[in-house]
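# Understanding the architecture of this molecule
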Amino acid sequence: MSAKADSSGYKGEALNVLKKAGCAVGDVIRVTTREKSYEGILIPRSETGDTTHVVIKLKSGYNIGVHITPDTKIEKVGKGAKPTFASPALPEQKPDLPRVVIMSTGGTIASRVDYRTGAVRSALSASDLYGVVPELSDIARVDTQILLSLYSENITPQHWSQIAQATAQHIAEGVNGVVIAHGTDTMAYTAAALSFALQNLPVPVILVGAQRSSDRPSSDAATNLIGAVQAAGRAPFAEVVIAMHETVSDTAIVLNRGTKVRKCHTSRRDTFKSVNATPIGRVNNQEITMLTSDYAKRDPAKKLVLKPAFSDKVALVKFHPGLNPEVISWHVEKGCRGILLEGSGLGHVSKYCFGTIEDAIEKGVVVALASQCIWGRVNMHVYDTGRDLLARGVIPMEDVFPETALVKLMWALGQTSDAEEAKRLLKTNVAGEFSPRTLPETIGNEGGDAANAN
Amino acid sequence: MQIDYAKIGLKVGLEIHQQLATAAKLFCNCKPDLFKENPEIVFLRRLRPTQSELGQIDPAAYFEFQKGVRIRYEANRETSCLVEMDEEPPHPLNMEAVETVLMAALMMNAEPVDEVHVMRKTVIDGSNTTGFQRTCVIALNGCIKVGDKAIPIQHASLEEDAARKTGDEDNGKIIRYRIDRLGIPLIEVATAPVIYSPQEAQEVAFAIGKILRDTGRVMRGLGTIRQDLNVSIPNGALVEIKGVQELALISRVVEYEVQRQLNLLRISNELKNKVEPSCLTEEIVDVTHVFKQTKCKVIQKALEKRHCVKAVKLTGFAGFLKCELMPNFRLGTELADRARFWGRVGGIFHTDEMPAYGVTAEEVEALKKAANANEDDAVVFVADTAENTIDALKAAVERAREAISGVPAETRAANADGTTRYMRPRPGAARMYPETDIPPSLITPDLIEKVRLSLPEPAEKKRERLIREYGLNDKLAKQTVDSEYNTLFETLVQESRVPATVVAVFLTETLKALKRDGLPVEQVPEKQLQDLFKAIGTGEVAKEAAAEVFTWLSTHECKSVQDAVAELGLKMLSDAELTMAVDRVIAANKQTIDKLGKNAFGMLMGLVMREVRGKAAPDRVSGLLKERLK
């Protein structure tokens, strides 16, 4: 949600007329055209709207757009009342509850609607959060911090470092868990990044978001947040995970390991799926169930190891039929220190690219490969092409899917300037990204099953 | 009760909703159809009241949320996609639907808006998966003439229909909805509250319904049209009545509502002299022990489930709960409705109706004693879970308090007999905010012009044309144009080649007569009428059998004209069969024929037709009869 509630969104013709009449958003205005006359509250205009309509809210509550021509008369009839909202009093903090900090990086995990103008305002202070999601006060003593205010597509590796450092600070202060509210688009990248940056965690770090904006009654935000705070406060593991809906029903919140989780659907609530792995746990009806015994245990005595540096001199090159091999050279010329190839099938890239790949490696660029199949493991010994790539020094990323492999390459090159050391880090299992065995888990998500799960 | 509505100051406003016959739903490409089979997809949701900037929350919504009420949605793949499931943003507004509303709006002399903005109207009873209904105003400030009176039309809007409730589970903790209906486009036409009598309300509704049907682009049949009424009388309250499905019921609904409000006012006047609202306390007592040996089936069943019986005293209410407000509807019924809504119980008992239902006089005495009630007091009691009984009795007490002060403003739902029941408190100020997922749509002068050119022919012109082109007489042409089947008439004639007069008589006089006899005429879809007339055209069905086939179809859903013919034994006779029938009649009347000669023809024709009516066309019979008589 954009934070532009105060700017009217009007431009051009419409803005001129409104300015001339001295009308501001929220004022009651009368618009008179040759044939008709309307009275209502002036509403902000979407930035993509044209310049020849003004939007008013009629007494009935409906908005309409009125076309502005040179003949249109606009008068201010009344001044808009400023909305007042008293935050509810902070509920009593229950001393026996775990302490959880909720950091927000953007998106609105909780918000309120101004029905008068239609503006959506985010509710991020602790008292706002308790007001909107009152259940939280029975789950944890919550502190909040607004770290960033970004759409997730605008988050960069520098922000990952910042989030990692802030998390480390809260952990040093002794919280029982950290919840990070994040836009869902690149949440899985951030989850992978934090998995590499925050090692030997004493407490859980839970990323959470919403697929339906929090201003609507059907939003998944509150259910996800409640599940995340429960896991942060009480779960027995200490890893970076994403907590979101398990199915399209508002029942279970599933906890997916940060290095193995991917956004797999553009719009569904259960968009996040573990790839080549099972989820590590589930929160259902206040109950936390671990789904595997293979996880790092919560232990406040553990000493966090913070490694928050990432290199942005890394590129992802997706192989496709007809790929121009010079794309690889271009990246090298631009100073790229690592290239992640998104190969086909078991791990292949056309022989036409061999020359530029060889060139890159010779110049000290670390070249790794993950499969665009997403599910399954790379095996470059089966066909000639794979063997040829291995011989040229391309590093196979096993069962790591491309996005996590990319983040790991950025992290490895952030830790060292030495290509060989970076390669060694790349091949080391740092945060559960490599699984030793490939199990026959479901590929993708069979809509029917998930939809029927309740 | 004879009521002078003008004198008591009745005011009624109408909101007419009708489904549009578009190819797809309003915000996605699903078929606008309902399904009867078991659902293929089921999912469970909660809706959370969102706070407005003023921190207001709809009380009913908040209550349901606090009680942890969840909604189980049912869907199938043919009629729903991720859009109805609230798992995908809506697609752009269906312009076919916009054009249909625009057409109706122009027919009602309304002014189209320049730019359409889709709004979200908060509704969190579960009937919308999103928690809001999407709605947009297409035109404003219309006016129609009903008789000599001008009725202002406030707006013509386009909105999505809601999911339909199919039941509940787990003592009301889960409500079940089917989302097939969700997203079917609806037109909403709202009049100003300038209607002053029940009869007038019905006439205005009829006039609007006629305009909508004349667009030729709305759905037909039960459940496709719903009227909401706003009814108020001075000193009473503004009561919103939702979902009157039948036009003919409107005047009765208004009459009953006026009766109800007048009776409530009378009761209030009497109670005011007797009881202070503060005398009604929520001292709820457990009376399970009173009913340990009860013969009352309902209570027995509850106790088998280890539920309890709780009771509350209503000070000074003895005798009032049995006061009738509408036919078969007493003040006690009002309390019961509230208890059902807020307490999820099946119903309540009260002492005004006791002893009854297997509850003995001794039990009533013990109950009154336990509730500390004297003979001036009433006691309300209910058997269910502890939580539900407490919620139910609190709601009953609240309703009793309101009875002292007068008529509560509320939203009610219409029953099939014209009475109404409590539905929910009246929502606060319209809680609408913009649907940001859908860009505004322009209504350009070009679009308006295009729709204007496709407007249906004005009634007067059409009447003249039907006389000219189809040879209908003046009366039949007028009846056809005024009928619900105005738009269907020409289609039927052109498709079937059945004489126009036959079609017109059937659509007007025959159907009117059938309807008068109580036949659910509107349940037969247009498609079946088309099939029926095609069959008449090909000679498969005799035109004399049309009413019989239609009658059968109206009570046999999903059956075809061919099924009707087979079931009713109306298959046309073959030449050989008909010849046999004719010969039989001739043989049986040999003497008469000999006596009368040619003059016997009329009588014989009558006798044969009596035998073969509906199975052979008269001209065929007369030809054959002449031939066999030679």
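All figures in this text were calculated on a predicted structure; none of them were measured in a lab.

Take the side chain of A:Thr251 next. Inspection of the secondary structure assignment puts A:Thr251 in the loop between β13 (240-245) and β14 (253-257). For A:Thr251, a relative accessible area of 18% gives the class buried. When sequence neighbours within four positions are dropped, the list of residues in contact with A:Thr251 reads A:Val283, A:Asn284, B:Leu44 and B:Arg70.

Residue and element names in this part refer to chain A. Pairing is mixed in the open sheet, where 8 strands are placed in the order β9-β6-β10-β12-β13-β14-β17-β18. Two strands in the sheet have a free side with no partner beyond their single neighbour: β9 (141-146) and β18 (287-290). Ignoring which end each strand starts from, the neighbouring axes of this sheet average 25° apart. Here strand β10 (residues 177-181) pairs with strand β12 (residues 205-208) via 4 bridges, running parallel.

On to the sheet that holds strand β5 (residues 115-116) of chain B, then. As a general point, the strands of a sheet are linked pairwise by backbone hydrogen bonds and lie either parallel or antiparallel. Pairing is antiparallel in the open sheet, where 7 strands are placed in the order β5(A)-β1(A)-β2(A)-β3(A)-β4(A)-β5(B)-β23(B). Lying at the two open borders of the sheet, with one neighbouring strand each, are β5 (73-78) of chain A together with β23 (441-442) of chain B. Pairing between strand β2 (residues 37-43) of chain A and strand β3 (residues 53-57) of chain A: 3 bridges, direction antiparallel. Its bridge partner being in β3(A), A:Ile41 is matched across the sheet by A:Lys57.

Listed per partner, the contact involves 51 residues of chain A and 56 residues of chain B. For the chain A and chain B pair, buried surface summed over both sides reaches about 4400 Å², with 50% attributable to carbon and sulfur atoms. At the junction of chain A with chain B, the criterion picks out 9 salt bridges. Linking chain A with chain B are 22 residue pairs in polar contact (both at pLDDT 80 or more). Elements supplying a minimum of two residues to the side of chain A that touches chain B: β3, β4 (63-67), β7 (111-113), α2 (126-132), α5 (221-234) and α11 (447-452) of chain A. At 5 residues, the largest contribution of residues to the side of chain A that touches chain B is made by β4(A). A per-class count over the side of chain A that touches chain B returns 18 nonpolar, 18 polar and 15 charged. Pairing analysis gives 2 bridges linking β4(A) to β5(B), with the strands arranged antiparallel. The residue of β5(B) that forms the bridge with A:Ile64 is B:Val116.

So, how was this worked out
Within each chain, residue numbers correspond to sequence positions counted from 1 in written order. Labels follow written order: the first chain is A, the first ligand is 1, and so on. With the structure being a predicted model, the display of local features is reserved for residues of pLDDT at least 70 and the display and counting of side-chain atom pairs for 80 or more, all residues being used for whole-chain, interface and lining totals. Hydrogens and water are ignored here; the side-chain numbers use all heavy atoms of the structure. Counting from the N terminus, the helices are the DSSP runs of H or I reaching at least four residues and the strands are the DSSP runs of E reaching at least two. Type-normalised accessible area, obtained with a 1.4 Å probe on protein chains alone, sets the label of each residue: buried when under 20%, exposed when over 50%, and partly exposed for intermediate values. Contacts are residue-level and defined by heavy atoms, with any inter-residue pair within 4.5 Å sufficient. Think of it this way: DSSP has to see at least two bridges between two strands before they count as a pair. Axis definition: a line fitted to C-alpha atoms, over the contacting stretch in the case of helices. Angles run 0 to 180 degrees between N-to-C directions. Here's the idea: put two parts together, see how much 1.4 Å probe accessible area each one loses, and the total over both is what we call buried area. By definition here, a salt bridge exists when the distance from a side-chain nitrogen of Lys or Arg to a carboxyl oxygen of Asp or Glu is within 4 Å. Here a polar contact is taken to be a pair of N or O atoms separated by no more than 3.5 Å, where protein atoms must pair a possible hydrogen donor with a possible acceptor and residues adjacent in sequence count only if both atoms sit in side chains. Basically, the charged four are Asp, Glu, Lys and Arg, the nonpolar ten are Ala, Val, Leu, Ile, Met, Phe, Trp, Tyr, Cys and Pro, and anything else, Gly included, counts as polar.

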